Amino acid sequence: FSSLNNFKVNAITLEGAQRLSPESILSQMDLSGTSIIRVKPQEIQEQVLESFPSLSSAKVSVGLPATVSLRVTERQPVILWQQESGSMWIDADGVTFPIRGESEVAFTVLANGMPPAAALADPDEELETEAEQPLEILSALAPEPIYPRTTPEFVQGIIALSDYVPEGSSLQYDPDFGLGWTDPRGWLVYFGNDISNIDLKLIEYESITASLQEKNLTPALISLEFLYAPFYRLEH
């Protein structure tokens, strides 16, 4: 029975996906030519979610003679994260995943590195090496690599801070200084990753810039990552 061609999987039925194709999923699942009686839906479901972080849920069902049906829910990107090694999307839960197809994305961040990683559930557990590797190395490991997850709070910080970005500037991220932008007057300003007190930081920022202008000093960078310990640099 298992050797008959009529009972061997050669395609899948995909529902709920706008940006993924059945062929792209099938190519990662090693299902082609497998007898339907050997297909284990729970295992396939776990493999799909592991291989495609752009999916938030997946449900697999099988039927005779060789039917494999997959119903998925795709994550909706909120942020376009752009960096030299490649770009990716981030959803509201802080899940990062590869860009595939097209989608309306409300916010863009120009970054010098990966977003801050979410804390591990077990603090004694070591982070997997692939989650620490640069994006270009991750991309070389698999067509749909495992991307490190950031926090929902960081995502909300990006959304909130976007309202304060001056016209003509773009929201930026630096692993050492956090979120910020290029001031239209010619210098970089960063506010860290926690912007819960952004109103106070902005008042302090204007006070610092006013003081520097009185002294005829033009900074290269101003950091307000720590509200009570701001600093500036005159050279990069």
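Structure shown above.
Here we summarise the structure given alongside this text. Quick caveat, the model's predicted, so the values are computed rather than measured.

1. Details of the overall build of the chain
Per the secondary structure count, the chain includes six helices and twelve strands. For the chain, buried positions account for 40% of its 236 residues. Of the contacts formed within the chain by residues at least 6 apart in sequence, a portion of 51% connects residues at least 24 apart. Taken as a whole, the chain presents about 13100 Å² of accessible surface, with 49% of it coming from carbon and sulfur.

2. Structural notes on the side chain of Arg75
Looking at the secondary structure, you find Arg75 in the loop between strand E3 (67-74) and strand E4 (77-83). Reaching out from Arg75, the side chain makes a polar contact with the backbone oxygen of Pro53 at a distance of 3.0 Å. Side-chain polar atoms of Arg75 contact the side chain of Asp91, separated by 3.1 Å. When residues no more than four places from it in sequence are discounted, the contact partners of Arg75 are Arg19, Pro53, Ser54, Leu55, Ser56, Asp91, Asp93, Val95 and Phe97.

3. Here we look at the packing of aromatic side chains
Summed over all chains, the structure comprises eight aromatic pairs. Judged by centre distance (5.6 Å) and plane angle (75°), the ring pair of Phe154 and Tyr173 falls under edge-to-face. With Phe154 in helix H5 (residues 152-161) and Tyr173 in strand E8 (residues 172-174), this pair connects stretches of sequence that are 19 residues apart. Here Trp181 and Phe191 contribute two aromatic rings whose centre-to-centre distance is 5.0 Å and whose plane-to-plane angle is 45°, an arrangement assigned as tilted. A residue pair is termed long-range when its members are at least 10 positions apart, and Trp181 in strand E9 (residues 178-182) and Phe191 in the loop between strand E10 (188-190) and helix H6 (198-214) qualify at ten residues. Each member of the pair, Trp181 as well as Phe191, is classed as buried. Every member of this aromatic cluster is reached through a ring pair, and the members are Trp81, Phe154 and Tyr173.

4. Brief notes about the sheet that holds strand E2 (residues 55-63)
Taken in spatial order, the three strands of this open sheet run E1-E3-E2, and their pairing is mixed. The open sheet has two edge strands with one neighbour each: strand E1 (13-15) and E2. The sheet shows a mean angle of 20° between the axes of neighbouring strands, direction not considered. Note that E1 and E3 share three bridges and pair parallel. What sits directly across from Thr13, in E3, is Ser69. Together, E2 and E3 form the strand contacts of helix H2 (residues 41-51), whose direction differs from that of E2 by roughly 150°.

5. So, the sheet that holds strand E7 (residues 107-111)
Across the sheet, which stays open at both edges, the nine strands sit in the order E6-E5-E4-E7-E8-E9-E10-E11-E12 with mixed pairing between neighbours. The open sheet has two edge strands, strand E6 (96-98) and strand E12 (231-233), and neither has a second partner. Direction aside, the axes of adjacent strands within the sheet are offset by 30° on average. Direction of pairing for E8 relative to E9: antiparallel, over a ladder of three bridges. Its bridge partner being in E9, Gln172 is matched across the sheet by Gly180. Of the strands in this sheet, E4, strand E5 (86-91), E7, E8 and E9 are in contact with H5, which crosses E9 at around 20°. Seen against the sheet, H6 touches E9, E10, strand E11 (221-223) and E12 and runs at an angle of roughly 145° to E11.

6. Structural notes on the pattern of salt bridges
Tallying each qualifying case throughout the model produces four salt bridges. With a closest N to O distance of 3.1 Å, Asp91 and Arg75 form a salt bridge. Here Arg75 lies in the loop between E3 and E4 and Asp91 lies in strand E5, a separation of 16 residues in the sequence. A single burial state applies to Asp91 and to Arg75, both of which are buried. As a salt-bridge pair, Asp183 and Arg185 come within 2.9 Å of each other at their nearest N and O atoms.

Reading the values: the criteria
- Residues numbered from 1 in each chain as written.
- Predicted model: local features only at pLDDT ≥ 70, side-chain atom pairs only at ≥ 80, totals over all residues.
- Heavy atoms only, no water.
- Helix = DSSP H or I, 4+ residues; strand = E, 2+ residues; numbered from the N terminus.
- Buried < 20%, exposed > 50% of the residue type's maximum accessible area, 1.4 Å probe, protein only.
- Contact = heavy atoms within 4.5 Å.
- Areas by Shrake-Rupley, 256 points an atom, 1.4 Å probe, with all protein chains shown as cover.
- Polar contact = N/O pair within 3.5 Å; in protein donor to acceptor, adjacent residues only side chain to side chain.
- Phe/Tyr/Trp six-rings, centres within 6.5 Å; stacked < 30°, edge-to-face > 60°.
- Pairing = 2+ DSSP bridges.
- Axes fitted to C-alpha atoms, helices over the stretch in contact; angles between N-to-C directions.
- Salt bridge = Lys/Arg side-chain N within 4 Å of Asp/Glu carboxyl O.

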